[in-house]
Every structure is written in C-alpha cells, then in structure tokens.
Amino acid sequence: MAVLVTGGAGYIGSHTVLWLKQAGEEVIVYDNLQKGHREAVLGDVFYRGDLHDEDQLDEIFSKHSIDAVIHFAANSLVGESVQDPLAYYENNVVGSYLLVRKMVERGVENIVFSSTAATYGEPLKVPIEEEDPTIPTNPYGETKLAIERMLKWADQAYGLKSVCLRYFNAAGADPEGQIGEDHTPETHLIPIVLQCALGQRESVSVFGEDYPTADGTCIRDYIHVMDLAQAHYLALEKLRATRVSGIYNLGNGTGFSVQEVIETCRRVTGEAIPAVVAPRRAGDPAVLIASSDKAMRELGWKPQYPDLETIVTHAWNWHKSRPQGYGK
Ligand code: UFG
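All values derive from a computational prediction rather than experimental measurement. (Residues numbered from 1 in each chain as written. Predicted model: local features only at pLDDT ≥ 70, side-chain atom pairs only at ≥ 80, totals over all residues. Heavy atoms only, no water.)

Attention now moves to the overall build of the chain. Per the secondary structure count, the chain includes 10 helices and 13 strands. Over its C-alpha trace the chain gives a radius of gyration of 19 Å, about what one expects of a compact globule, namely 20 Å for 328 residues. Considered along the principal axes of its C-alpha atoms, the chain spans approximately 55 × 40 × 40 Å. In the chain, which comprises 328 residues, the proportion classed as buried is 56%. Residue pairs at least 24 apart in sequence account for 78% of intrachain contacts in the chain once pairs closer than 6 positions are excluded. For the chain, the accessible surface area stands at approximately 13,700 Å², while carbon and sulfur atoms represent 51% of it. (Helix = DSSP H or I, 4+ residues; strand = E, 2+ residues; numbered from the N terminus. Rg over C-alpha atoms; globule rule 2.2 N^0.38 Å. Buried < 20%, exposed > 50% of the residue type's maximum accessible area, 1.4 Å probe, protein only. Contact = heavy atoms within 4.5 Å. Areas by Shrake-Rupley, 256 points an atom, 1.4 Å probe, with all protein chains shown as cover.)

Below, the structure written as structure tokens:
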C-alpha cells in the first residue's frame, strides 16, 4: 500500500518523505510547487497539482493503492493570513475539504494532518497540553483548527481516522544535508539569523524586547524537522495498527528566547551576527512551549535531536552548502 503526501515538496513535507522512504514506504507526492521545490522531493512518484483539481486527485487515487494520506499542503504564514484570510480559507479549509471528501468517496480511511501550535492562540499556561483552550489569534491557526474539527466529525460519521500533529517551531535540516529549509520570502527566525551569518543580510531584527520573559524577547520551543518527520511516521503506523484518532503536540518542552537563539547561532557559525531591536510583531505570544508527553506516551515518539545547538548546526550545514537554496 502507498502513502499519499500532499505538500511533500515543502519544508516539513519533504523531510517526512525522506523518512518514509528510509522506512521502506511507497510514497506518492502531490504538490502544486507554489512554495515547494521539486528538487526537495526524494520520493519516487511525484505529481504536480493542486488540491482543488478534483480530476487529478481522482486519477491518483485510481492509479495507486493508497491506504493513508499525510496532508501538509497549505498556506502557513501567520502575517499573510491576517492580510488575506480568504486565501487561507480557500487553500487550507476548502482544499482539505476536497481532499477529505475524495478520501471518503474512495474509502481511504487514514489521515495524518499537519496542524500547528497556532491553534492555541495566546496560551493560558505553559507547557501547553492538548486539552488546553484553542482560541486562535489569526486566520492561519483558525483554518487549521477548522480542519481538525472537520476531521473529528468525519471520523464520527464516516470512520475516517485522523492524527492531528500540532507542531511548535520546526527548525533544522536533514543531518545528511540532502534537503533543508528554503522559503521565499523567509520569515522564520533561525534561517534569517543564518542568512546574516552568510552575509546575505546585514542584521537580524529582534521583534520586541519588552515581553514578560527573562531577557524581554519571545520564547519558543524549537523542534528538529527530522523529529517531526519521525512523528508523522509513528502516527501513520499507529493509525494503521489501532485505527484510533488523536491530537498531539510536537515540541521539545524547552523554550529558548530570540536572544538565546541568536547567541546559539553565533556560537555555531563563529560569526558576529548583528542584532537590532525592532517593534513587536503583531500577534506574537510571549511564550510558546509544548508538553509532548502524550506523543511520547501514545506514539512512542522520542526526539533524536532535542538540543538547540544540534538543530542550528544541521540548519547551518544546509545553508552553507546551498546559500541560495534549491535550484538556484
Ligand atoms: N523573530 C524575530 N525576528 C525575525 C523573525 C522572527 O525576532 O526576523 C521572532 C518572532 O517574533 C518570534 C520568534 O522569533 O518570537 C520565532 O518566530 P518565527 O517566525 O520563526 O516562528 P513563529 O513562532 O512566529 O511561528 C511558528 C510557525 C508558524 C506557527 C507559529 C505558532 O512557523 O507556522 O509558530 O504560533 F503558526
């Protein structure tokens, strides 16, 4: 049986495809390449296409014996989602609806869904647990939560089993250096800091130094992208074996401030990396830290690279070897 990976040319999707291939899975990748990179796809079968293309989805489900879908394809920038919420409803909610409807029609009953810590909004406490309130503060988190809820009802009505994985801050790259992170525009902290180390930017802006944290900068829980990949595989195996749905946080349970991340990057790269304090970025919670106890207990997940220095080192190796990213 094969696994269909939507968005398998994106950052987390491509690393998950790599993991699945190494585990001996037959993988079909579906991606419209709006943000993803063809070169990042190490799977054997690739289709360029969009979730809104029902005919092409039909063809893929007809051609291959697919028993599960891992669904990454989505828009995923918080700021952009505030500027253009309808694009997020169309791509994320409508796109997922069309995929899920096709799965139900075709009797494909397992889905691992790429969700986010943004479903929680401003947390009432940290570490955040899965049962904590979900009150998104932006359309990105809102659309991901809407899809989680659609999956819950689809389970009840049609027996479609789902695992929703709420990632905290994905970072790092394949330790072997074959693939890594390449976003245009880049908005994430670690790649931006490493672009400064490469001399591609003059400085990094620290968005806010007046948060209620020890050094005044925001605290996040950085998780290695290959550890996320591992979790998707474990979720898939669990769905196939137990046919039980669930929602899981994925983080290391340790928070690092923006200043600490920059310091770590300076240590790893040996570069000075100038940092300039800038105003807060709208919608940034002060502290986001995951409790991932449930994923460890129920999925048997154990991060292999929990240490921030290792995460940054793998990211740095990638950016150094491919300073312009893919295909450039
Ligand atoms: N930051 C800076 N300067 C920059 C970029 C980021 O100071 O140039 C700060 C941000 O303000 C934030 C931290 O670095 O405090 C991390 O920012 P990222 O943009 O790297 O990541 P986010 O925490 O904003 O976003 C991540 C995921 C989103 C998800 C969100 C959940 O990338 O997909 O967590 O809140 F929605």
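This next bit is on the packing of helix α2 (residues 54-63) against helix α4 (residues 85-106). Where α2 meets α4, the closest approach of the two axes is 11 Å, and the angle between their N-to-C directions is 40°. Taken together, α2 and α4 sit at an angle that is classed as oblique. For the element pair α2 and α4, the recorded crossing hand is right-handed. Between α2 and α4, the contacting residues are Glu54, Leu57, Asp58, Phe61 and Ser62 on the first element and Leu98, Leu99, Arg101, Lys102, Met103 and Arg106 on the second. Considered class by class, the residues forming the contact of α2 with α4 number five nonpolar, one polar and five charged. (Axes fitted to C-alpha atoms, helices over the stretch in contact; angles between N-to-C directions. Parallel < 35°, antiparallel > 145°, perpendicular 65-115°, else oblique. Left-handed = near helix turned anticlockwise from the far one by under 90°. Nonpolar A, V, L, I, M, F, W, Y, C, P; charged D, E, K, R; others polar.)

What the seven strands build is an open sheet, ordered β3-β2-β1-β4-β5-β6-β11; its pairing is parallel. A single partner strand is all that each edge strand has here, and the edge strands are β3 (45-48) and β11 (246-250). Averaged over all pairs of adjacent strands, the angle between their axes in this sheet comes to 20°, without regard to strand direction. Sheet strands touched by helix α7 (residues 225-242): β1 (2-6), β4 (66-71), β5 (110-116), β6 (161-167) and β11. Its angle to β6, the strand with the most contacts, is close to 160°. (Pairing = 2+ DSSP bridges.)

If you trace the backbone, Ser76 turns up in the loop between β4 and α3 (78-83). Residue Ser76 is classed as partly exposed on the basis of its relative accessible area, which comes to 43%. Each C-alpha atom of the pair Ser76 and Tyr305 lies 24 Å from the other, and the pair is 229 residues apart in sequence. Residues in contact with Ser76, not counting those within four places in the same chain, are Tyr88 and Tyr140.

Counting residues in hydrophobic clusters, the biggest one holds 42 residues, and the most contacted among them are Val5, Leu165, Leu250 and Trp301. When residues of this core are traced back to their parent elements, those giving at least two are β1, α1 (11-22), β2 (26-31), β4, β6, α7, β11 and α9 (293-299). Ranked by residues supplied to this core, first place goes to α7 with 10 residues. Those residues in contact with Val5 that sit more than four places away from it in its chain are Val17, Leu20, Val27, Ile28, Val29, Tyr30, Ile70 and Phe72. (Core = buried A, V, L, I, M, F, W, Y, C linked by side-chain atoms within 4.5 Å.)

Lining the immediate surroundings of the ligand are 20 residues, of which Leu189, Ser205, Arg220, Arg281 and Asp284 lie closest. Take His188: an N or O atom from its side chain is 3.1 Å from an oxygen atom of the ligand. Computed on the free molecule, the ligand has an accessible area of 680 Å², of which 91% lies beneath the protein chains in the complex. Contributions of two or more residues to the shell around the ligand are made by α6 (189-197) and β8 (204-207). (Near = heavy atom within 4 Å. Polar contact = N/O pair within 3.5 Å; in protein donor to acceptor, adjacent residues only side chain to side chain.)

A complete count under the given rule lists three aromatic pairs for this structure. Relative to Tyr326, the ring of Trp318 has its centre 5.0 Å away and its plane inclined at 50°; by these criteria the two rings are tilted. The exposure class assigned to Trp318 is buried, which follows from its relative accessible area of 1%. Positioned above the aromatic ring of Tyr211, the side-chain terminus of Arg280 is 3.9 Å from the ring centre. Taking NZ or CZ as reference, Lys294 lies 4.9 Å from the ring centre of Tyr248, over its face. (Phe/Tyr/Trp six-rings, centres within 6.5 Å; stacked < 30°, edge-to-face > 60°. Lys NZ or Arg CZ within 6 Å of the ring centre and 35° of its normal.)

By the criterion of burial, β1 is predominantly enclosed, with five of the five residues buried. Across the two faces of β1 the burial is the same, with Ala2, Leu4 and Thr6 and Val3 and Val5 all buried. The pairing of β1 with β2 spans five bridges and is classified as parallel. Its bridge partner lying in β2, Val5 is registered against Val29. As for the winding sense of the linkage, the β-α-β connection from β1 through α1 to β2 is right-handed. (Right-handed = clockwise from strand over helix to strand, strands pointing away.)

Between α6 and helix α10 (residues 308-321), the shortest axis-to-axis distance is 10 Å and the interhelical angle comes to 55°. The angle between α6 and α10 falls in the class oblique. Crossing geometry of α6 relative to α10 is assigned as right-handed. Across the interface between the two elements, Ile190, Pro191, Leu194 and Ala197 of α6 pack against Leu308, Val312, Ala315, Trp316 and His319 of α10. Split into classes, the residues belonging to the contact of α6 with α10 amount to eight nonpolar, one polar and no charged.

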